[in-house]
Amino acid sequence: MVWSYATDYCCDDCAERFDLLQPLNTCPSCGGLLEIHYDLDRMKLDLQPEQFAAREPSMWRWHEFYPLQHAGNMVSMGEGGTPLLPSVYAGRKLGLSRLYFKNDALMPTGSFKDRGFSLAVSFAKELGISRGLTYSSGNAGASFAAYANRAGLDATVLVEYLANPIKKSMISLYGAHTAALYFESMTDITAMLERAVQELGLYQFVNFINPTRHEAMKSYAYEISQALGWKAPDVMIHPVGTGGGIWGAWKGFRELKQLNWIDSLPRMVAVQPYATGPIVRAFKQGARHAEKYGDPTQTIAQSIAADAPIQGGRRVLNAVYDSGGFAETVTNEEIIEAVQWLGHEGICAEPASAASLAALKRAVEQGIVQQDDCIVCVITGSGLKQPSIIQQAAVESELKLNASFEELNKLLASLWP
Ligand SMILES: [Zn+2]
């Protein structure tokens, strides 16, 4: 049995190809982003969609679609395989008959980042890498710390000074070195990291600079298509910071289409905060390159508060344009309302995740999705990591009673007259 059908890296810019077992971040020739290629012709002959159903329900169910060569190097805590929940509340409010939530708040460290780090850390282990660095707004850092520590990889996380205290604590709890990162703009961070690759040869785990993380996000496409009976949704809505999630999912859907396992592709929708939405601004201007824009301190959706995406957000914009999708910003008020709506779905989401539902509400009002469209909103992280927002979104009960049957009886009579 072939464990992986990955063939090599290919540079987005100069198209030079590189052996997969080199420890590469960006292209050694031109600094462009590297994309991993697969032998899809052979996969088409060897694999059938039905054969995957009996495997373990994690993202590793789809190991043929990742670059890891040997199962023994897998670092896994049961990531992926999360439920695709049909809506019981928001769909009715919006008049949508087929709305689903892909709930990645249920992952081992509480966010969708675990898919990417399970693969990236496993692959680093395979390459013999013993230390690595990432920058993070919180979720990625916690995930990297947890997986790296389990793999015996020495991890350093530069965490944005804006990250909330719980996320910072999780990074330390999971055993990584960590430092608070101060900056004027994401462009400072990107320039620092790209120079560190070139001058220090330091292996990095930052989205896209690391060519493997978004490969794991392809598992969204596989899991969702499988759950829908090998059909793609019509619309997939994803919160976007650097955009590893939306780009990976789009790549996964395109692979499935090439294999003829699905017969259509979803429209990919990128969501960013109103306070800082460089990709949405570029989309509304018809551009394929996003310039620095906005103020990351002005949004509660800190996980997607990137004012300047890596390499101009080209991959995200390509996913949006090439799929016939769209990009939208949402305000803090719209996000809080979506956090409340998700509560009625049984989902405690962090603000960045609720942004996907807030964007859907806007899209319905603007008539750019249809009532009978099959729509998937990705819930990328748990609200438990940003408790102050959950407290803000919930109306706290002022009811009190002493522990006596009479008082309970009186309380219940007032609740259920
Ligand atoms: Zn190149």
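Coordinates for the structure precede this section.
Counting of residues starts from 1 at the beginning of each chain's written sequence and follows it residue by residue. Two thresholds apply to this predicted model, a pLDDT of at least 70 for residue-level local features and 80 or more for giving and counting side-chain atom pairs, whereas whole-chain, interface and lining totals are computed over all residues. Hydrogens are left out, water is left out, and the side-chain values use all remaining heavy atoms of the structure.

Topic: the coordination of the zinc ion
Then comes step 1: The protein atoms that coordinate the zinc ion are Cys 11 (SG), Cys 14 (SG), Cys 27 (SG) and Cys 30 (SG), at distances of 2.3 Å.
Then comes step 2: Excluding water, the donors of a metal are its N, O and S neighbours within 2.8 Å, or within 3.2 Å for Na, K and Ca, and that exclusion means sites may look incomplete. In this scheme the shape depends on donor count and angles: four donors with every angle between 85 and 135 degrees give tetrahedral, four or six donors with opposite pairs above 155 degrees and others between 65 and 115 give square planar or octahedral in turn, and any other case is irregular. Classification of the site at the zinc ion rests on its four donor atoms, whose angles at the metal span 98 to 116 degrees, yielding the label tetrahedral.
Then comes step 3: In primary sequence terms, the donor set of the zinc ion follows C-x2-C-x12-C-x2-C.
Then comes step 4: Type-normalised accessible area, obtained with a 1.4 Å probe on protein chains alone, sets the label of each residue: buried when under 20%, exposed when over 50%, and partly exposed for intermediate values. For Cys 14, a relative accessible area of 37% gives the class partly exposed.

Concerning the side chain of Ser 143
Then comes step 1: For Ser 143, the position within the fold is in helix H4 (residues 139–151).
Then comes step 2: By the convention used here, residues are in contact when the closest approach between their heavy atoms is within 4.5 Å. Not counting residues up to four positions away in its chain, the partners in contact with Ser 143 are Thr 109, Lys 113, Asp 114 and Phe 117. Counting from the N terminus, the helices are the DSSP runs of H or I reaching at least four residues and the strands are the DSSP runs of E reaching at least two.

Let's talk about unusual backbone geometry
Then comes step 1: Positive phi, close to 65 degrees, is recorded for Ala 15, a residue that is not glycine.
Then comes step 2: Within the secondary structure, Ala 15 is located in the loop between strand S1 (6–11) and strand S2 (17–19).
Then comes step 3: The exposure class assigned to Ala 15 is partly exposed, which follows from its relative accessible area of 49%.
Then comes step 4: Positive phi is not limited to glycine here, since Asn 260 has a value of about 65 degrees.
Then comes step 5: Tracing the backbone through its elements, the reader meets Asn 260 in the loop between helix H9 (244–258) and strand S10 (267–273).
Then comes step 6: Its relative accessible area of 59% is what places Asn 260 among the exposed residues.

With respect to the nonpolar core
Then comes step 1: Ranked by internal contacts, the top residues of the largest apolar core, which has 100 residues, are Phe 65, Phe 144 and Phe 205.
Then comes step 2: The residues contacting Phe 65, other than those within four sequence positions of it, are Tyr 38, Met 43, Phe 52, Glu 215, Lys 218, Tyr 222, Glu 255, Leu 259 and Trp 261.
Then comes step 3: Residue types Ala, Val, Leu, Ile, Met, Phe, Trp, Tyr and Cys, when buried and joined through side-chain atoms within 4.5 Å, form a set referred to as a nonpolar core. Core analysis: the next-biggest nonpolar cluster, separate from the first, contains 39 residues, Ile 237, Ile 336, Ala 359 and Ile 389 among them.

Brief notes about the pairing of S1
Then comes step 1: Burial of S1 is extensive: five of the six residues sit out of reach of the surface.
Then comes step 2: One bridge is not enough; two strands pair if DSSP finds at least two bridges between them. Pairing analysis gives five bridges linking S1 to strand S3 (residues 34–38), with the strands arranged antiparallel. Residue Ala 6 lies in a different strand from S3, and its bridge partner there is Tyr 38.
Then comes step 3: Relative to S2, S1 is paired through three bridges, and the arrangement is antiparallel. What sits directly across from Asp 8, in S2, is Asp 19.

So, a nonpolar patch on the surface
Then comes step 1: Together, Leu 399, Leu 415 and Trp 416 line one region of the surface with nonpolar side chains, adding up to about 370 Å² of accessible area.
Then comes step 2: As for its position among the elements, Trp 416 is in the segment after helix H15 (405–415).
Then comes step 3: What makes Trp 416 exposed here is its relative accessible area of 65%. Patch membership requires more than 30% relative accessible area and the absence of a salt bridge. Residues of like charge join within 9 Å; the nonpolar side chains Val, Leu, Ile, Met, Phe, Trp and Tyr join within 5 Å. Where accessible areas are quoted, they stem from the Shrake-Rupley method and a 1.4 Å probe; at the residue level, only the protein chains shown are allowed to cover. By convention in these notes, a salt bridge is any Lys or Arg side-chain nitrogen within 4 Å of a carboxyl oxygen on Asp or Glu.

Some remarks on the side chain of Glu 126
Then comes step 1: Within the secondary structure, Glu 126 is located in helix H3 (residues 113–127).
Then comes step 2: Although buried, Glu 126 forms no salt bridge, and the nearest oppositely charged side chain, Lys 125, lies 9.2 Å from it.
Then comes step 3: Two N or O atoms count as a polar contact when they lie within 3.5 Å, although within protein this holds only if one can serve as hydrogen donor and the other as acceptor, and sequence-adjacent residues are included solely when both atoms are side-chain atoms. A polar contact of 2.9 Å, which involves the side chain of Glu 126, links it to the backbone nitrogen of His 70. Counted as positive: Lys and Arg. Counted as negative: Asp and Glu, with His and the chain ends omitted from the count.

So, the sheet that holds S3
Then comes step 1: Taking strand neighbours across the sheet as the criterion, the three strands line up as S2-S1-S3 in an open arrangement whose pairing is antiparallel. Each having just a single partner strand, S2 and S3 make up the two edges of the open sheet. On average, each strand axis in the sheet is tilted by 35 degrees relative to the strand beside it, whichever way the strands run. Every axis corresponds to a line fitted to the C-alpha atoms, with the helix fit spanning only the stretch in contact, and the corresponding angles, defined between N-to-C directions, vary from 0 to 180 degrees.

A word on the pairing of S10
Then comes step 1: In terms of burial, S10 is a largely internal element, six of the seven residues being buried.
Then comes step 2: Pairing of strand S9 (residues 235–239) with S10 involves five bridges; the strand directions are parallel. Each residue of the ladder has a partner; that of Val 235, found in S10, is Arg 267.
Then comes step 3: Handedness rule for crossovers: strands pointing away from the viewer, path from the first strand over the helix to the second running clockwise, crossover right-handed. In this fold, S9 hands off to H9, which returns the chain to S10; that crossover is right-handed.
Then comes step 4: Pairing geometry for S10 and strand S11 (residues 326–330), over five bridges, is parallel. Across the sheet, residue Gln 272 finds its bridge partner in S11, namely Thr 329.

Points about the sheet that holds strand S12 (residues 374–379)
Then comes step 1: Spatial strand order, S4-S5-S12-S9-S10-S11: six strands in an open sheet with mixed pairing. Both outer strands of the open sheet, strand S4 (84–86) and S11, are each paired with one neighbouring strand and no more. Along the sheet, successive strands turn relative to each other by an average axial angle of 25 degrees, direction set aside.
Then comes step 2: Sheet topology places S4 next to strand S5 (residues 98–103); three bridges connect them, and they run antiparallel. The partner of Pro 86 across the bridge, within S5, is Tyr 100.
Then comes step 3: Set on the sheet, helix H11 (residues 314–322) makes contact with S10 and S11; between it and S10 the angle comes to about 135 degrees.

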